[in-house]
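Architecture at a glance
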Amino acid sequence: MGAIRMTQVTALVLRAVATGHRYGFDIMEACGLPSGTVYPALRRMDKAGLLRSGWEAAEAAHAEGRPRRRTYTLAPSGREALGEADAKLAEVRRLLMDLGPTPVEEA
Amino acid sequence: MITGARLWVRLVALLVPGEEREEWVEEWDGELAAHGGSVRHAWGALFDAWYLRRDGWTMEGMLRDVRAAVTGLVRRPFFTALAGITLAVGIGANTAIYSVVDAVLLNPLPFPDSEALVSVNHTAPGINVPILPHSEATYLHYLENFTKLSAFAVFSDDNVNLVTGDEPQRIQGAVVTREFFDVLAVPPLLGRGFVQGDDLEGAEPVAVLGYGLWQQTFGGDRNVVGTVVEMDGVQRRVVGVMPEGFAFPNETALWIPRSIDPANAEIGSFGLLGIGRLAPGATVEGANAEMQELLLRFADAHPEEITREMMAQIDFHSDLKSLKDLYVSDVRQALWVLLGTVGFVLLIACANVANLFLVRAEGRQRELALRTALGASRADIVRFYLTESLTLALGGGLLGLGLAALGVQGLLRLAPAGLPRAPEIGMDGSVLLFTLAISVASGVVFGLFPVMGYARPDISGALKEGGRATTAGKERHRARSFLVVAQVALALVLLVGSGLMARSFLAMRSVDIGFQPDNRLVFRASLPSAEYPDAASVKEFHRALRERMAAVPGVLGAAQTSAVPLEDTKSASPMEPEDRPFGENEIGPLVNIRQVTPGYFDAMGIDLLEGRDLTEENGADGVRAVVISATLARQFWPGESAVGRRIRYQDADEAWEVVGVASDVKFEKVTDDPAPLAYFPMINGTSEKPVPTRQIAVVLHVGSDPMAFVSAARQALKDVDPRLPMVNPRTMDAVVHDAMASTSFTVLLLGIAAGIALLLGTVGIYGVISYVVSRRTQEIGVRMALGAPASVVLREVVGQGMALAGIGVAVGLVGAWAVSRVLTSLLFGVSPTDPLTYLGTAATLALVALAASWIPARRAALVDPVEALRAE
């Protein structure tokens with residue numbers, strides 16, 4: 001397990017999971033990122049314990065005539081990490097506001 | 001239904017570590033099914049799989065493997081040392097030879113834009129003249145008309161007596177045309193190069209100094225530019241100093257401009273080497289075609305000197321080629337052969353180490369089976385093995401690099417003096433890269449052998465105590481046998497190669513060189529034309545010097561010549577017998593020329609077959625007499641006596657009378673066929689324009705150690721002219737030795753390589769047979785308990801070793817036969833398919849194989865049946 005660097009991708013993926021997107025491709029679409037970026041992020045966070053993975057019920061899948069789908073849900077430490085990321089983001093926003101509006105360049 | 005996307009996922013799944021693979025495929029299948037399964041979505045599966053694969057191969061995991069490999073290697077010091085040293089020798093030999101190949105053959109010449117530099121000369125294979133340079137007239141003709149060269153210059157070597165203090169010194173100089181430095185595009189460090197006007201008759205004499213000469217003789221004084229220095233009796237103004245490292249063409253330290261008077265340009269005397277720089281966009285082929293066109297125009301413009309028919313007869317044509325090719329052509333082949341040879345040695349070394357690893361893997365069956373049982377995948381085991389072999393190979397490579405650094409020092413000491421670009425040889429980035437590459441390659445090669453046999457360990461068999469007679473065992477035995485056969489075959493090829501070179505060397509040593517090299521001291525001297533302006537003064541000098549040298553106590557004979565045999569001096573001219581002149585378009589043989597004083601044949605130990613020696617009265621300024629070699633006599637007057645006949649040369653009205661015929665000598669290379677040679681007196685040329693010989697070699701025939709006479713000879717020279725330096729005193733034996741140096745160098749290196757190959761091959765055979773015996777101890781014990789005599793066991797085990805060696809020898813003989821033709825141009829007096837060498841080598845290897853199998857076979861025959869059975 002071990003700490004995991006909070007990047008824009010991990011924050012986006014965590015938020016997508018937190019807002020109820022459970023399946024890989026759904027998360028992918030919610031983030032607007034390609035699968036080649038989302039999946040390694042999911043694996044990393046799964047391994048680090050921020051996410052919890054499982055499988056949907058087999059009956060539901062069989063009813064629709066397709067294989068089971070893997071599900072991803074937020075683990076407590078993931079919720080914590082997301083909170084920290086949000087706080088950091090708020091801090092950055094506050095710092096930016098303190099600097100005042102972007103000055104207009106004089107000709 | 002399997003869609004394209006699902007097929008893709010299954011393909012990519014091969015990357016995913018085994019234990020995760022099933023779920024992984026299921027996950028992707030589920031998503032693709034739920035989302036219509038477009039290929040666009042599936043693309044990311046590759047990155048996902050790659051991520052999972054890499055996750056298993058983290059830096060941490062790799063470091064853990066390396067640590068485990070190092071620990072494992074350290075725990076078996078004997079195995080590790082044997083394998084490591086074997087590899088270090090193989091890799092070191094390759095690195096050493098490669099660093100030479102890299103510097104001499106691969107690196108560009110050290111000039112700006114050196115790819116555009118070309119050698120601009122002619123060739124005449126019809127009369128066996130590979131490089132036919134320029135005369136003053138051809139130079140001017142090309143200079144005026146070339147469009148595909150942006151610069152063109154000619155040069156010739158010239159030794160210069162430089163007087164700065166009391167001691168004169170002799171400097172390797174070059175006389176060059178004005179554009180010389182422009183062609184090479186190297187600007188002077190101080191002052192200037194040559195400019196228009198420097199080369200005019202009557203202009204102030206100037207010179208450009210080399211960096212080393214400037215540092216040593218002038219103390220690096222920047223004010224040297226503008227000063228006047230005496231060179232060869234001429235006061236020359238120093239106008240520039242070249243930067244460090246610039247010594248073109250020939251370790252040159254001093255450059256003097258050549259003045260050519262267009263009105264009196266020599267047409268037929270070809271002694272000026274040409275270099276040029278291709279114009280932007282021009283190719284070597286295009287420039288050569290232009291040169292050939294210009295050459296034909298030159299011939300047409302000088303019909304009295306040269307005609308197209310004559311050119312066709314001797315196959316005289318333009319030869320414009322890359323300057324680098326010209327410089328390294330002599331050693332190219334020998335170097336590639338050597339690199340190939342050490343490549344073979346490395347292969348043999350790899351085979352040996354692979355064998356060690358195979359034997360070792362056998363002993364680690366249980367360990368691996370345990371790992372597999374604990375969940376290690378095939379990929380994990382391959383990785384583990386490769387980490388171990390690569391660690392060993394890189395360690396061996398590092399050690400090899402050290403060996404190579406020492407080896408290169410040794411090579412440079414042994415290398416023949418003529419090895420071009422020797423100062424550039426060293427370890428640089430590309431050599432390090434090469435060493436890294438061959439280390440990794442050998443690590444993979446010998447690491448893969450055990451992997452192929454053992455990555456799928458037979459778990460149940462190995463875990464059971466004593467599980468040994470498996471079918472996989474047979475496979476591995478085959479692998480070992482294959483390695484031994486390969487080793488023997490490679491060693492045989494190398495032994496045949498070195499045997500052929502050694503026989504060439506012996507043949508060279510037993511060649512009749514035509515003179516007596518023992519107890520002869522030779523040195524060179526150069527008479528400045530300012531002090532010796534005419535034939536009379538030169539002639540007087542030669543008489544006085546000979547007299548003074550002969551008076552030195554212990555000297556049995558003394559004489560001077562333009563060049564002693566086997567000294568690298570080329571001088572030749574067409575000649576014809578006066579009584580049977582050649583036809584209109586017929587060209588006589590190009591006859592080599594030496595100038596000699598009376599007493600030369602005696603002093604050098606050359607037999608006079610007929611007639612007499614030259615006398616003091618002979619010369620272009622006196623009675624014209626010449627001594628010719630037996631070959632020339634045979635060519636001009638076959639079956640008749642040459643003495644009393646006359647030879648035409650230079651001036652048809654002034655023929656030279658043959659007064660003697662001398663036996664043939666090897667005068668250029670030991671391996672040359674006898675060639676026509678004429679010995680003229682020291683005053684050559686015509687009565688109207690006598691040409692005195694000012695560049696001379698002095699020969700002393702002495703009673704004992706020639707080098708002991710150096711100081712007496714120096715004093716004698718000083719007595720005659722205190723301002724003449726004595727240059728390069730050495731024994732005639734040393735001259736002969738140097739002439740064979742490049743062959744003895746190749747022989748030595750090939751011999752070392754073949755010796756290593758033989759040793760490694762022997763160790764290989766011994767190792768495999770020993771191993772087979774140790775595996776069969778139980779079986780042999782049973783058979784001997786049942787009454788099989790020791791001699792049968794002995795014969796059987798030896799037979800097994802000899803069978804492998806026999807196949808190796810057979811394969812090797814075919815290989816040697818195929819490979820040895822690359823040696824053809826390096827061989828002398830022996831055919832590349834010389835049966836004696838082949839049979840002798842095969843017999844040697846067979847004997848060695850016999851010995852290598854005999855020792856373990858003896859051990860097998862001495863097996864105590866009771867002990868052998870109890871061991872189980």
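You'll find the structure just up there.
Examining the overall build of chain A
A count of helices and strands for chain A gives five helices and two strands. Counting from the amino terminus, helix and strand elements in chain A follow one another as α-α-α-β-α-β-α. The buried share of chain A, reckoned over its 107 residues, is 35%. For chain A, restricting intrachain contacts to residue pairs at least 6 apart in sequence, the fraction spanning at least 24 positions comes to 55%. When the accessible surface of chain A is totalled, it reaches about 6,700 Å², and 56% of it is carbon and sulfur.

Topic: the interface of chain B and chain A
Counting from both sides, the interface comprises 21 residues of chain B and, opposite them, 20 residues of chain A. Carbon and sulfur atoms supply 56% of the area buried between chain B and chain A, which totals about 1,800 Å² over both sides. Considering only the surface of chain B that becomes buried against chain A, E27(B), E31(B) and Y51(B) emerge as the three largest contributors, covering 34% of it. Taken together, the links from chain B to chain A amount to six salt bridges. We note a salt bridge from E26(B) to R68(A), for which the minimum N-O separation is 3.0 Å. At the boundary of chain B with chain A, the tally comes to eight residue pairs in polar contact (both at pLDDT 80 or more). Contributions of two or more residues to the side of chain B that touches chain A are made by α2 (18-34) and α4 (45-56) of chain B. For the side of chain B that touches chain A, the element with the highest residue contribution is α2(B), accounting for eleven residues.

Focus: helix α2 (residues 24-31) of chain A
Residue and element names in this part refer to chain A. The set of residues buried in α2 consists of G24, F25, I27, M28 and C31. Along α2, the residues classed as buried sweep out an arc of 160° about the axis, all on the same side. Positive phi shows up at G32, right after α2, with a value of about 70°.

Concerning helix α24 (residues 790-819) of chain B
Compared with the 44 Å implied by 1.5 Å per residue over 30 residues, the 42 Å span of α24(B) between its first and last C-alpha is a close match. Within the span of α24(B), buried status applies to V793(B), L794(B), V797(B), V798(B), G801(B), L804(B), A805(B), G808(B), V809(B), G812(B) and A816(B).

Focus: the nonpolar core
All names here are of chain B. Judged by nonpolar contacts, the single largest core of 127 residues is most densely connected at F446, F515, Y600, I606 and Y679. The leading source of residues in this core is helix α12 (residues 323-363), at 18 residues. Those residues in contact with I606 that lie beyond four places of it in its chain are G514, F515, Y600, F601, A662, S663, V665 and Y679. Formed by 45 residues, the second largest nonpolar core is a distinct cluster that contains M549, V552, A558 and M575.

What to know about the packing of aromatic side chains
What describes a pair of aromatic rings is the distance from one ring centre to the other and the angle between the planes of the rings. Residues and elements named next belong to chain B. Evaluated as defined, the whole model comprises 29 aromatic pairs over all chains. Measuring from centroid to centroid gives 6.0 Å for W24 and W28, while their planes differ by 50°, and the two rings are tilted. A residue pair is termed a helical-turn pair when its members lie 3 or 4 positions apart in one helix, as W24 and W28 do in helix α2 at four residues. Side by side, W24 and W28 carry an identical accessibility label, which is buried. On the numbers, 5.5 Å between centres and 45° between planes, the contact of F181 with F194 is tilted.

Things to note about unusual backbone geometry
Residue and element names in this part refer to chain B. Of note, the bond from F248 into P249 is cis; its omega dihedral lies within 30 degrees of zero at 5°. Residues other than glycine seldom take positive phi values, yet D113 does so here, at roughly 50°. Mapped onto the elements, D113 comes out in the loop between α6 (77-106) and β1 (117-124). Residues other than glycine seldom take positive phi values, yet A185 does so here, at roughly 60°. Turning to its location among the elements, A185 is positioned in the loop between α8 (180-184) and β5 (190-191).

What to know about the pattern of salt bridges
When the charged atoms of two side chains with opposite charge come close together, those side chains can pair. Applying the stated criterion to the full structure yields 34 salt bridges over all chains. A salt bridge links E31(B) to R69(A); the shortest N-O distance between them is 2.7 Å. On the criterion of chain membership, the pair formed by E31(B) in helix α2 and R69(A) in the loop between α4 (58-64) and β2 (70-74) is interchain, its members lying in two chains. Accessibility classification places E31(B) together with R69(A) in one group, the buried group.

Calculation criteria
- Residues numbered from 1 in each chain as written.
- Chains lettered and ligands numbered in written order.
- Predicted model: local features only at pLDDT ≥ 70, side-chain atom pairs only at ≥ 80, totals over all residues.
- Heavy atoms only, no water.
- Helix = DSSP H or I, 4+ residues; strand = E, 2+ residues; numbered from the N terminus.
- Buried < 20%, exposed > 50% of the residue type's maximum accessible area, 1.4 Å probe, protein only.
- Contact = heavy atoms within 4.5 Å.
- Areas by Shrake-Rupley, 256 points an atom, 1.4 Å probe, with all protein chains shown as cover.
- Buried area = accessible area lost by both parts, 1.4 Å probe.
- Salt bridge = Lys/Arg side-chain N within 4 Å of Asp/Glu carboxyl O.
- Polar contact = N/O pair within 3.5 Å; in protein donor to acceptor, adjacent residues only side chain to side chain.
- Arc of directions from axis to C-beta.
- Expected span 1.5 Å × (residues − 1).
- Core = buried A, V, L, I, M, F, W, Y, C linked by side-chain atoms within 4.5 Å.
- Phe/Tyr/Trp six-rings, centres within 6.5 Å; stacked < 30°, edge-to-face > 60°.

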